[in-house]
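# Inside the fold
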Amino acid sequence: MIYKEMSCLAIHDISGVGKCSLTVALPVLSCCGVETSVMPTAVLSTHTGGFEGYTYRDLTDDLLPMAEHWRKVGARFQSLYSGFLGSAGQIGLVEQVFDWFKGEDTLIMVDPVMGDGGKLYRTYTQEMADGMARLCQKADIVVPNMTEACHLLGRPYNPGPYTREEIREILHQLCALGPKMAVLTGVWLKEGTLGTACYDARTGEAELYLTDRIEGFYHGTGDLFASALLGGLLNGGSLKGSCEIATEFTWRTIETTFEKSTDYRFGPKFECHLPWLAEKMEACRKTVAN
Ligand code: PXL
């Protein structure tokens, strides 16, 4: 076993039922060997995708006091990773948290969780979407789906299929906002496929990872993908290598969810694939060590 010290502050909501955000980020990052601290942005009974009558407790007022306490006790994080945010004010506070905890080598990942399938989530306002664009400027890496990318860039939403040129243009435009790296989910070129695309503006390297499309809409898979991607990068994986692992991990999970779940709203069945992910992470550490 190769030991590597890795840490992360994950800033997302916690939805009690319907695995997504923190209930996905924590187990996945822990499995990757990353010591993960959490800043819960809101507490919900379920996620907002498909359940009626969920409870929603906004934690905006708690965010800065939490961060101030961490500063007092000397907490440090190698990576800062934000996802679903509950209000426009909260986005500004997360910017502040980034400024406080950003060191020279800190990796900031922003997953601009705003919507899917061409639509913004129910809790999302235009003001929040504008704030999210600002937050992305502070990131080293952004991980939007197609809906989120189009919204961030002011592009009309195209449900697909996409051309390689279109994907490349979106990735370039995302990096032009500020991040060094951009990863797009929900890309496909022809029927029956679905995957991800990555681009590193420092090296110009880009890659597309396509898998067989499994029909259905699977909540929480964006969080699963982004968390595994961050795990790969922290373990020393390249952007391309980490993107490939995260894409396959997500695909394996979707396959199991398709086969075993009777109601996809209750979240992706990823747990049985964690040993596979842990092995891939060990391989990333070995490559770096040799
Ligand atoms: O997986 C994204 C997500 C995170 N958190 C909450 C959500 C969603 C998507 O619907 O509702 C509360």
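### Focus: the nonpolar core
Among the nonpolar cores identified, the biggest contains 44 residues, and Val110, Ile167 and Leu184 are the most heavily contacted of them. Filtering out sequence-adjacent residues up to four positions away, Ile167 remains in contact with Met146, Tyr162, Leu184, Val187, Leu189, Ala197 and Leu208.

### Here's the deal with the confidence of the model for the protein
Looking at the protein, the pLDDT average stands at 96 and 100% of residues meet or exceed 70. Considering each helix and strand of the protein separately, the mean pLDDT is smallest for strand β7 (residues 119–120), with a value of 90, and largest for strand β4 (residues 79–82), with 99.

### Some remarks on the pairing of strand β5 (residues 107–110)
Across the two faces of β5 the burial is the same, with Leu107 and Met109 and Ile108 and Val110 all buried. The pairing of β4 with β5 spans four bridges and is parallel. When the sheet's bridge partners are listed, Tyr81 is paired in β5 with Met109. Judged from the two bridges that link them, β5 and strand β8 (residues 141–142) form a sheet pairing that is parallel. What sits directly across from Val110, in β8, is Val142.

Conventions adopted
Residues numbered from 1 in each chain as written. Predicted model: local features only at pLDDT ≥ 70, side-chain atom pairs only at ≥ 80, totals over all residues. Heavy atoms only, no water. Core = buried A, V, L, I, M, F, W, Y, C linked by side-chain atoms within 4.5 Å. Buried < 20%, exposed > 50% of the residue type's maximum accessible area, 1.4 Å probe, protein only. Contact = heavy atoms within 4.5 Å. pLDDT = per-residue confidence, 0-100. Helix = DSSP H or I, 4+ residues; strand = E, 2+ residues; numbered from the N terminus. Pairing = 2+ DSSP bridges.

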